[in-house]
Amino acid sequence: KHFKKWVDFCKERGLGCDFNPTFFSHPKANGLTLSHPDPEIRKFWIDHGKSCIRISAYLAEQLGQPCIMNIWTGDGFKDIPADRMGPRVRYKESIDEILSEPFDFNKVKPCVESKVFGIGVEAYTVGSAEFSLSYAAMNKDKCIPLMDNGHYHPTEVVSDKLSSMLLFNEKVALHVTRAVRWDSDHVVLLDDETKEIAKEIVRCDALDRTYIALDYFDASINRISAWTVGFRSFQKALLMALCTPNAMLAKLQNESNFTELMVMQEEVKMLPYGAVWAEYCARAGVASDASWFEEVKA
C-alpha cells in the first residue's frame, strides 16, 4: 500500500519502475549494515532487504515489467581494518539470506553493486568490485552484476569492463554517471567515457542484455535542466554508437590494418551525428537542443 502511488504514477505514463533498497540514512546504518558484527543489526537489514524483494515483486507484477532491485551498501571503515575477511563473510551471508526470499527472477532482478570507497569508509569497502562481481558470477540464477562508472579508481573505466562482463553474464546492469576525481553522480555529459560505454553496448550487440540506469543529481543547478542534459547526453551517445560503422572498423582491426583503423576512427568523429539527432527530435515531437532551455527558463 505504501507504493501504490508509485504504481499509479507509472501506469499513467506507461512506465516500469525499478527499486533501490536503501541501506543508509538510518540510525542503524552507522558504518556497517549487512556486514555488522551485531547479529540483531544485521537481521534488521536482512529483513529490510527481504521486504524490498517483495516490494519489487509488487512493482513488477503491477506494471508488467521487470523490476531491477539494486543492493548497495556503504559498509566499510575510515581507517585501516584489523580484519578484512570477517565483514565480507558476514556480507555474503546476509545477501544470501536476502536472496533466499522467494521471487520470480523473470520479474525481480536483484543486483549487487560495488564501490571503491566512500566518505567515512576511505580505507576499506566491504562490497568491493572483486566481491560484487564474484558474488554475481556465483549466483547467476538470482542476481546480476551492476557497475557504476563512478565507483572505480580514476584510471579504471567501465567501458573496458563491459565486453568481459558480457562474456560471463547473460545480463549486466549499469549506473551511468560522471565521475570527477573521487566523486560520482555529477550530471552525465557527452564526454569520452559516456560515448565509450554506449559504443561497447552497441558493438557487443548487448542493447537487450544491458539494463542502463542514469545515476546523477546536482542540487546546485536547475533540476529539470540536469535531468534533460543527462538523459539527452546518453541518448546522443547511443545514437553516435548506432551510426558508427562498427563492422568496418572491426574488419580493419581483424586484418591488422592498424594505420587505416586509426585514420578511420578519427574520420568517424566528424560524421554528421548532429543532423541525425535533430531529425530524431523533430520526429519525436520534442524540443530541439537550441530551444528546450528556453522552456525551462519560462
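Residues numbered from 1 in each chain as written. Predicted model: local features only at pLDDT ≥ 70, side-chain atom pairs only at ≥ 80, totals over all residues. Heavy atoms only, no water.

Enumeration over the complete set of coordinates arrives at 16 salt bridges. For the salt bridge of Arg 13 with Glu 12, the shortest nitrogen-to-oxygen distance reads 3.2 Å. Sharing partners across several salt bridges, the network here consists of Glu 196, Lys 199, Glu 200 and Arg 203. (Salt bridge = Lys/Arg side-chain N within 4 Å of Asp/Glu carboxyl O.)

It is worth spelling out the packing of aromatic side chains at this point. A ring pair, where both rings are aromatic, is described by two values, the distance of the centres and the angle of the planes. In the structure shown here, the tally under the stated rule is twelve aromatic pairs. With centroids separated by 6.1 Å and ring planes inclined at 15°, the aromatic side chains of Phe 131 and Tyr 135 adopt a geometry described as stacked. Of this pair, Phe 131 and Tyr 135 both sit in helix α4 (residues 129-138), separated by four residues, roughly a single helical turn. Accessibility assignment for this pair places Phe 131 and Tyr 135 in one class, buried. Ring centres of Trp 277 and Tyr 280 lie 5.6 Å apart, and the angle between their planes is 50°; on these two criteria the pair is classed as tilted. Here Tyr 280 and Trp 277 lie together in helix α10 (residues 273-284), a separation of three residues that amounts to about one turn. Aromatic ring contacts, followed pair by pair, group Phe 3, Trp 6 and Phe 19 into a single cluster. Over the face of the ring belonging to Phe 9 we find Arg 13, whose NZ or CZ atom lies 3.7 Å from the ring centre. Over the ring of Phe 105 we find Lys 109; its NZ or CZ atom is 4.6 Å from the centre of that ring. (Phe/Tyr/Trp six-rings, centres within 6.5 Å; stacked < 30°, edge-to-face > 60°. Helix = DSSP H or I, 4+ residues; strand = E, 2+ residues; numbered from the N terminus. Buried < 20%, exposed > 50% of the residue type's maximum accessible area, 1.4 Å probe, protein only. Lys NZ or Arg CZ within 6 Å of the ring centre and 35° of its normal.)

With that settled, consider the layout of surface pockets. Rolling a probe over the atoms, with the probe sized like a water molecule, indicates the empty space that remains. As a volume, the largest pocket reaches approximately 1200 Å³. Lining the largest pocket are 40 residues; nearest its centre among them are Asp 148, His 175, Asp 185, Asp 215 and Phe 217. Going through the elements one at a time, β1 (67-71), β5 (144-148), β6 (172-176), β8 (183-186), β9 (210-214) and α7 (223-243) are the ones with two or more residues in the lining of the largest pocket. With four residues, β9 is the largest single contributor of residues to the lining of the largest pocket. By volume, the second largest pocket amounts to about 310 Å³. Lining the second largest pocket are 15 residues, with Glu 196, Lys 199, Gln 265, Val 268 and Lys 269 sitting closest to its centre. No other element matches helix α6 (residues 192-203), which puts five residues into the lining of the second largest pocket. (1 Å grid on protein atoms, 1.4 Å probe; cavity = no way out; pocket = protein on both sides within 12 Å on 5 of 7 lines; lining within 4 Å. Points joined across faces, edges and corners; volume = space filled by probe spheres on them.)

Any functional reading would require information beyond the geometric quantities listed.
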